[in-house]
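Analysis of the macromolecular model
Chain by chain, the residues run as shown.
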Amino acid sequence: MSRAYFDALGGEWDRLRERFFSEAVRDKALDAAGVMRGALAVDVGAGTGFVTRGLVARGLRVIAVDESPVMLDALSKKQALAAGVIDCRAGGADRLPLEDDAADYCFANMLLHHVETPLLAIREMVRVVRPGGRVVVTDLDAHDHEFLRTEHHDRWLGFAREDIRRWFQAAGLTDVRVESAGEDCCATSCDGRAAAVTIFLGLGTVGRPPGKGSTRPA
Ligand SMILES: C[S@@+](CC[C@H](N)C(=O)[O-])C[C@H]1O[C@@H](n2cnc3c(N)ncnc32)[C@H](O)[C@@H]1O
């Protein structure tokens, strides 16, 4: 649904993103996860690399996944791919192009409101993180700004934090916290209506098997 929108935006996303939300969201997500230098993180719905850049700056290696090859192309043109720090992979959040337990962390900033089935996307994030690793989702709280659906191709008008908590636990995450990220996402419609939507931060630790479910066929 949003694929054509992001394919058309491509390199323009960085400029738009600066108007939507600030770097503080990314810093809070990375701080909440307690990221460690040298670790491997997955950035789902990586876009042009907003979260990926923050992770690399903190000394992590990143697998950046996005369904839009145009967004990934914009990311790879900017980043030091040659240094072998970032691995860009085209793929969907409902079937990540990674093995089970491949990474130490998984981040998804402003992805979840675009996916068809949020629980399936969360299960996939859990699947690709090793037991003891962390999953962090930052996204919009529930809102009623319909223009974000019609003009920005959002599929979901944000989420109730209770749903996020329930989905995290159903996916096998422990020590789940869903709290305010302390930031707003700001947008203006074509006819001048302004929206300031609060952003939540969801954090969980991947449990040990059998709490960890696989979405792969047996
Ligand atoms: C709002 S942008 C956020 C990009 C980036 N995370 C950021 O914070 O700047 C959403 C991104 O998710 C990607 N996306 C949307 N639905 C997806 C899906 N089902 N699977 C993988 N990527 C998806 C889009 O192509 C786009 O790059």
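The paragraphs below set out a description of the structure included in this document. (Residues numbered from 1 in each chain as written. Predicted model: local features only at pLDDT ≥ 70, side-chain atom pairs only at ≥ 80, totals over all residues. Heavy atoms only, no water.)

1. Details of the overall build of the protein
This is how the line gets drawn: Secondary structure elements follow DSSP: runs of H or I of four or more residues count as helices, runs of E of two or more count as strands, with numbering from the N terminus. As a reference, a globule follows 2.2 Å times the number of residues to the power 0.38, and the radius of gyration itself is taken over C-alpha atoms. Only heavy atoms enter the contact rule, under which two residues are in contact if any of them lie within 4.5 Å. Note that accessible areas follow from Shrake-Rupley with a 1.4 Å probe, and for residues the cover is restricted to the protein chains shown.
Broken down by element type, the protein carries eight helices and seven strands. Over its C-alpha atoms the protein spans a radius of gyration of 16 Å, differing by no more than 12% from the 17 Å that the globule rule assigns to 218 residues. Along the longest, intermediate and shortest principal axes, the C-alpha atoms of the protein span 50 × 40 × 30 Å. Here the contacts in the protein between residues at least 6 apart in sequence split such that 70% fall between residues at least 24 apart. Roughly 9,500 Å² of accessible area belongs to the protein as shown, and the carbon and sulfur atoms make up 51% of that amount.

2. Some details on the packing of helix H6 (residues 118-127) against helix H8 (residues 161-170)
The angle between the axes and the distance between the axes are what describe a pair of packed helices. Our working definition: To obtain an axis, a line is fitted to C-alpha atoms, over the contacting stretch when the element is a helix, and the angle between two such axes runs from 0 to 180 degrees between their N-to-C directions. Working rule for angles: under 35 degrees goes down as roughly parallel, over 145 as roughly antiparallel, 65 to 115 as roughly perpendicular, anything else as oblique. Handedness of a crossing is defined here by the sense of rotation of the near helix relative to the far one, left-handed for an anticlockwise turn of less than a right angle and right-handed for a clockwise turn.
At a closest axis distance of 9 Å, the pairing of H6 and H8 adopts a crossing angle of 45°. Judged by the angle between their axes, H6 and H8 are oblique. The two elements H6 and H8 meet at a crossing, and its hand is right-handed. On H8, the residues touching Pro-118, Leu-119, Ile-122 and Arg-123 of H6 are Trp-167, Phe-168 and Ala-170.

3. Here we look at the site of the ligand
To be explicit about the condition: Summary of the distance rule: residues count as near a molecule or strand when at least one heavy atom falls within 4 Å of that molecule or strand. Two N or O atoms count as a polar contact when they lie within 3.5 Å, although within protein this holds only if one can serve as hydrogen donor and the other as acceptor, and sequence-adjacent residues are included solely when both atoms are side-chain atoms. Each residue is assigned to one of three groups, with Ala, Val, Leu, Ile, Met, Phe, Trp, Tyr, Cys and Pro labelled nonpolar, Asp, Glu, Lys and Arg labelled charged, and all others, Gly among them, labelled polar.
What surrounds the ligand is a group of 21 residues, the closest being Trp-13, Gly-45, Asp-66, Ala-93 and Asn-109. Contacts to the ligand include Glu-67, whose backbone N or O atom sits 3.2 Å from a nitrogen atom. Here an oxygen atom of the ligand and a side-chain polar atom of Asn-109 are 2.7 Å apart. For the ligand, the protein covers 96% of the area, taking 590 Å² as the surface of the free molecule. A breakdown of the residues in the shell around the ligand according to their chemical character gives 10 nonpolar, eight polar and three charged.

4. Overview of the sheet that holds strand E5 (residues 129-140)
Counted only if it meets this: What makes two strands pair is DSSP finding at least two bridges between them.
Spatially, the seven strands line up as an open sheet ordered E3-E2-E1-E4-E5-E7-E6, and their pairing is mixed. Of all strands in the sheet, those with a lone pairing partner are strand E3 (86-90) and strand E6 (173-188), marking the two edges. Across the sheet, the axes of successive neighbouring strands diverge by a mean angle of 15°, strand direction being ignored. As defined by bridge partners, E6 adjoins strand E7 (residues 194-206) across 11 bridges and the pair is classed as antiparallel. Paired with Thr-174 across the strands is Thr-205, a residue of E7. Against the sheet, H8 touches E5, E6 and E7, its axis set at about 140° to E6.

5. A word on the environment of Tyr-5
Mapped onto the fold, Tyr-5 is located in helix H1 (residues 3-9). A sequence separation of 116 residues divides Tyr-5 from Ala-121, and the C-alpha atoms of the two residues are 20 Å apart. In this structure, Tyr-5 is in contact with Glu-151, His-152 and His-153, ignoring residues within four places of it in sequence.

6. Remarks on the nonpolar core
Here is the rule: Definition of nonpolar core: a set of buried residues of the types Ala, Val, Leu, Ile, Met, Phe, Trp, Tyr and Cys, connected through side-chain atoms within 4.5 Å. Accessible area is worked out with a 1.4 Å probe on protein chains only. A residue is then buried under 20% of its type maximum, exposed over 50%, and partly exposed in between.
Membership of the largest hydrophobic core comes to 36 residues, with the highest contact counts inside it found for Trp-13, Phe-21, Val-35, Leu-55, Tyr-105, Phe-107 and Ile-199. Among the nonpolar cores identified, the runner-up in size contains 32 residues, and Ala-93, Val-115, Val-129 and Val-135 belong to it.

7. Notes on the pattern of salt bridges
Which entries qualify depends on this criterion: We count a salt bridge whenever a side-chain nitrogen from Lys or Arg sits within 4 Å of a carboxyl oxygen from Asp or Glu.
Inspection of the entire model under this criterion finds 14 salt bridges. Arg-127 is paired through a salt bridge with Glu-124; the nearest N and O atoms lie 2.7 Å apart. On the criterion of helical spacing, the pair formed by Arg-127 and Glu-124 is a turn pair, its members being three residues apart in helix H6. Members of the salt-bridge network, linked through shared partners, are Asp-100, Glu-124 and Arg-127.

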